[in-house]
Amino acid sequence: MKIKQIKVFVCSPGRNFVTVKVITECGIYGVGDATLNGREQAVATYLQEHVAPCLIGRSAHDIEDIWQYLYRGVYWRKGAVNMAAIAAIDMALWDIKGKAAGLPVYQLLGGKSRKGVTLYAHANGENIADTLDKAEQLKNAGFKAIRLQSAIPGLAVTYGVLGDKKDYFELQGNRPLPPEEEWSTQKYFAMVGDLFAQARARLGNDVELLHDVHSRLTPIESARLGKMLEPYNLMFLEDASMAENQDNYQVIRQHTTIPLAIGETYNTIWDCKDLIQNQLIDYIRVAATHAGGITSLRRIADFASLYNVKMAPHGAPDLSPICFAAHSHLNIWAPNFGIQEFVGLGNEQSQQLFQQSITVENGMAYVSDAPGLGVDFNEEAAEQFPYKRSYLPVSRLEDGTLWNW
Ligand code: CS2
Ligand code: MG
């Protein structure tokens, strides 16, 4: 089953997605997601110019060897562009192997460890009452876990919630440059305690609550936040501080028992090795698209399981339905699965482009038994949704200092 052709598509059915199609000589093909938000064309060019020519004629069955060839075989290891490219090829090869075997990918990984995949949904509001109205609707719709985010009073914009990116699911308009947003830790602290106090009072205790800080706090501020939120029993606090220096999490950990999650921007197991091995986190949030595909997420899951760290893959709207399918197969298998982030099955245009076979019911996702990943990409529809340059916002403190993402 030799690889005959590799096609790369950059489309925008409301958001930009980079999609790879690996086609074999016998006609079986596989699909992969290589979307790198705000840097899509870099990955597409890397795939087209540097990766595809090396893979033509290789056996599509050699998933591990091709992964090693693209990682070890290249002088420039790791990196967001490189690993997104490897990820897409890897997903497509697992898809092909499943189709050739007539089995869904989860069967190739070791079979089902659970009935379905528990999801957490997003409640984003312009104020606390608005956030909690949305959370209540999600709870009534059957979601067992909900992430709460609320606009910060006194700031013009709050990422994903209020202002330019109010609609988190769409592109940032057609701005030629990244929008800039202000951040104030003091104003944030004045809001966030109330958000969770009111949430427990209104939603009760039979729902899991989560929160994403988008790395805006220093480690000692994260420790303070963790202690402040302990009474509200969060499932996890996400991206409290950056962990380029993985020791940062020692500071947080020694002060608070709040469960910690991180990893949506990580590219390899090396980015989270110390965090996992030293049990400084409870959930690892790597995405198949950004951390090297199914092959490397499986490796991270097995490593994490040795240290009581659970998988909670990233599930933002800038990951394509192919990534969601890859996660669903990993999630249904991984013995140490925790929870999957979920923002819906995509808008109408995206559903035209990607045919997903996963079903969602009562806050759970169910993987179909279709061979491979069970998701397809409509090449003909792709032309209707051309790429549009778009950026994530940049964060600055109120005095203008550039701040963490
Ligand atoms: C967020 C993401 O879903 C999340 O946890 O942190 O939406 C993130 O901001 C985007 O994926 C950025 O590309
Ligand atoms: Mg996040």
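None of the values given here were measured: they were computed from a predicted structure. (Residues numbered from 1 in each chain as written. Chains lettered and ligands numbered in written order. Predicted model: local features only at pLDDT ≥ 70, side-chain atom pairs only at ≥ 80, totals over all residues. Heavy atoms only, no water.)

A.B. asks: Give a description of helix α3 (residues 80-101) that names residues and reports values.
C.D. replies: For α3, spanning 22 residues, the distance from its first C-alpha to its last is 31 Å, which sits close to the expected 32 Å at 1.5 Å a residue. For α3, the buried fraction is high: 16 of the 22 residues fall into the buried class. After α3 finishes, the residue G102 shows a positive phi value of roughly 75 degrees. (Helix = DSSP H or I, 4+ residues; strand = E, 2+ residues; numbered from the N terminus. Expected span 1.5 Å × (residues − 1). Buried < 20%, exposed > 50% of the residue type's maximum accessible area, 1.4 Å probe, protein only.)

A.B. asks: Give me the lowdown on the coordination of the magnesium ion (ligand 2), citing residues and values where you can.
C.D. replies: Protein coordination of the magnesium ion (ligand 2) is provided by D212 (OD), E238 (OE) and E264 (OE), with donor distances spanning 2.0 to 2.2 Å. One chain supplies every donor for the magnesium ion (ligand 2), spaced along it as D-x25-E-x25-E. Taken together, the positions of D212 in strand β7 (residues 208-212) and E264 in the loop between β9 (260-262) and α9 (273-277) put the pair 52 residues apart, joining distant regions of the chain. There is no split in this pair, since D212 and E264 are both buried. (Donors = N, O, S within 2.8 Å, 3.2 Å for Na, K, Ca; no water.)

A.B. asks: Can you explain the side chain of D90? Please cite residues and give values.
C.D. replies: Of note, D90 is situated in helix α3. Here D90 is buried and forms no salt bridge, its nearest opposite-charge partner R298 lying at an N-O distance of 7.5 Å. For D90, the contacting residues outside a window of four places in its chain are I63, W67, G292, G293, I294 and T295. (Lys, Arg positive; Asp, Glu negative; His and termini not counted. Salt bridge = Lys/Arg side-chain N within 4 Å of Asp/Glu carboxyl O. Contact = heavy atoms within 4.5 Å.)

A.B. asks: How would you summarise the environment of I284 if you had to cite specific residues and measurements?
C.D. replies: Looking at the element boundaries, I284 is found in strand β10 (residues 283-284). Residue class for I284 comes out buried when judged on its relative accessible area of 0%. Between the C-alpha atoms of I284 and E40, which are 244 residues apart in sequence, the distance is 24 Å. Those residues in contact with I284 that sit more than four places away from it in its chain are I262, G263, Y266, C272, I276, I300, A304, V309, K310, M311, A312 and P313.

A.B. asks: Account for the pattern of salt bridges, naming residues and giving values.
C.D. replies: In this structure the tally under the stated criterion is 18 salt bridges. The partner of R253 in a salt bridge is D282, with the nearest N and O atoms 2.7 Å apart. With R253 in helix α8 (residues 248-253) and D282 in the loop between α9 and β10, this residue pair connects regions lying 29 residues apart in the sequence. Take R253: its relative accessible area is 23%, and that puts it in the partly exposed class. Among the charged side chains, a salt-bridge network with shared partners connects R147, D212, E238, E264, R285 and E341.

A.B. asks: An account of the sheet that holds strand β3 (residues 29-33) is needed here, citing residue identities and associated values.
C.D. replies: The antiparallel open sheet is built from three strands, whose spatial order is β1-β2-β3. A strand with exactly one partner marks an edge of an open sheet, and here the two such strands are β1 (3-11) and β3. Between one strand axis and the next, the sheet turns through 20 degrees on average, direction left out of account. Bridge analysis of β1 against strand β2 (residues 17-24) gives eight bridges, and the strand direction is antiparallel. Directly across from Q5, in β2, lies its bridge partner I23. (Pairing = 2+ DSSP bridges. Axes fitted to C-alpha atoms, helices over the stretch in contact; angles between N-to-C directions.)

A.B. asks: Residues and numbers for the nonpolar core, please.
C.D. replies: Of all hydrophobic cores here, the largest spans 121 residues; its most connected members are I89, L148, Y188, Y249, I276 and I284. Per element, the largest residue contribution to this core is twelve residues, and it comes from α3. Three or more residues apiece are contributed to this core by two domains, here domain 1 (3-103) and domain 2 (108-372). Once residues within four sequence positions are removed from consideration, I276 is found in contact with I281, I284, I300, F303, A304, Y307 and V309. (Core = buried A, V, L, I, M, F, W, Y, C linked by side-chain atoms within 4.5 Å. Domains from an automatic or database assignment.)

A.B. asks: Quick rundown of the packing of helix α1 (residues 40-55) against α3? Include the residues and the values.
C.D. replies: Running from N to C, α1 and α3 cross one another at 55 degrees; their axes reach a closest spacing of 9 Å. Put simply, α1 runs oblique to α3. Both α1 and α3 take part in a crossing whose hand is right-handed. Two secondary-structure elements touch here, α1 through A42, V43, Y46, L47, V51 and L55 and α3 through V81, N82, A84, A85 and I89. Classifying every residue of the contact of α1 with α3 gives ten nonpolar, one polar and no charged. (Parallel < 35°, antiparallel > 145°, perpendicular 65-115°, else oblique. Left-handed = near helix turned anticlockwise from the far one by under 90°. Nonpolar A, V, L, I, M, F, W, Y, C, P; charged D, E, K, R; others polar.)

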